[in-house]
Amino acid sequence: MGRTTLAALLLASPLAAEDFICSGTAPDWSLTITGSEAIFDYQRKNSFQIPDTARAEGQDWPRAKPLIGDFDTAVVILDQAICETGPISVDILTQRGQTPILLTGCCEIKE
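Note that the coordinates shown come from a computational prediction; the quantities given were computed from them, not determined experimentally. (Residues numbered from 1 in each chain as written. Predicted model: local features only at pLDDT ≥ 70, side-chain atom pairs only at ≥ 80, totals over all residues. Heavy atoms only, no water.)

Trainee: It is not clear to me how the overall build of the chain should be interpreted in this structure. Could you clarify?
Mentor: Scanning the chain for helices and strands turns up one helix and nine strands. What you see in the chain, going N to C, is helices and strands ordered as α-β-β-β-β-β-β-β-β-β. Looking at the chain as a whole, 37% of its 111 residues are labelled buried. Sequence-distant contacts in the chain: of pairs separated by 6 or more residues, those separated by 24 or more amount to 32%. With the model as given, the accessible surface of the chain reaches about 6,600 Å², and the carbon-plus-sulfur share is 55%. (Helix = DSSP H or I, 4+ residues; strand = E, 2+ residues; numbered from the N terminus. Buried < 20%, exposed > 50% of the residue type's maximum accessible area, 1.4 Å probe, protein only. Contact = heavy atoms within 4.5 Å. Areas by Shrake-Rupley, 256 points an atom, 1.4 Å probe, with all protein chains shown as cover.)

Spelled out as structure tokens, the structure:
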């Protein structure tokens, strides 16, 4: 599938664009987003609720998703930048105790 076709598919299908499988290396982590729920696995596996999605003013991308869990939180920024292993780039800002952590990686649309 070409980049133009993929971009058109993402813009034309907002429900599919809300479900992602993401990962990164160095360090290894994974994130699965399905609608308003997420599973984030980095040093430990956590389930999160996603109460809303924010978009850049006047644009469809990038998108920010707050992840709210029982013990942890994170903010996920998704963008249509092509990266090594998928059509969507992702940045995750989270923390372990008092230490902020920024993880980067790629996402694919979950089918």
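From this point on, the discussion continues.
Trainee: Sorry if this is basic, but what is going on with the side chain of Lys65 here?
Mentor: Here Lys65 is to be found in strand β6 (residues 63-68). Judged by its relative accessible area of 1%, Lys65 is buried. Within the structure, Lys65 has its side chain in polar contact with the side chain of Thr53 (distance 2.7 Å). Here Lys65 is in contact with Glu18, Phe20, Ile33, Ile50, Asp52, Thr53, Ala74, Val75, Val76 and Leu78, once residues within four sequence places are set aside. (Polar contact = N/O pair within 3.5 Å; in protein donor to acceptor, adjacent residues only side chain to side chain.)

Trainee: How should the nonpolar core be read in this particular structure?
Mentor: Across soluble globular proteins, nonpolar side chains have a tendency to be buried as a group. With 21 residues, the main nonpolar core has Trp29, Leu31, Leu78 and Ile92 as its most contacted residues. When contributions to this core are tallied by element, the ones reaching two or more residues are β1 (20-24), β2 (29-34), β3 (37-41), β7 (73-79), β8 (88-96) and β9 (99-109). Contacts of Trp29, omitting those with residues within four sequence positions, involve Cys22, Ser23, Gly24, Phe40, Asp41, Tyr42, Val90, Ile92, Leu103, Thr104 and Gly105. (Core = buried A, V, L, I, M, F, W, Y, C linked by side-chain atoms within 4.5 Å.)

These figures come from the coordinates and say nothing about function on their own.
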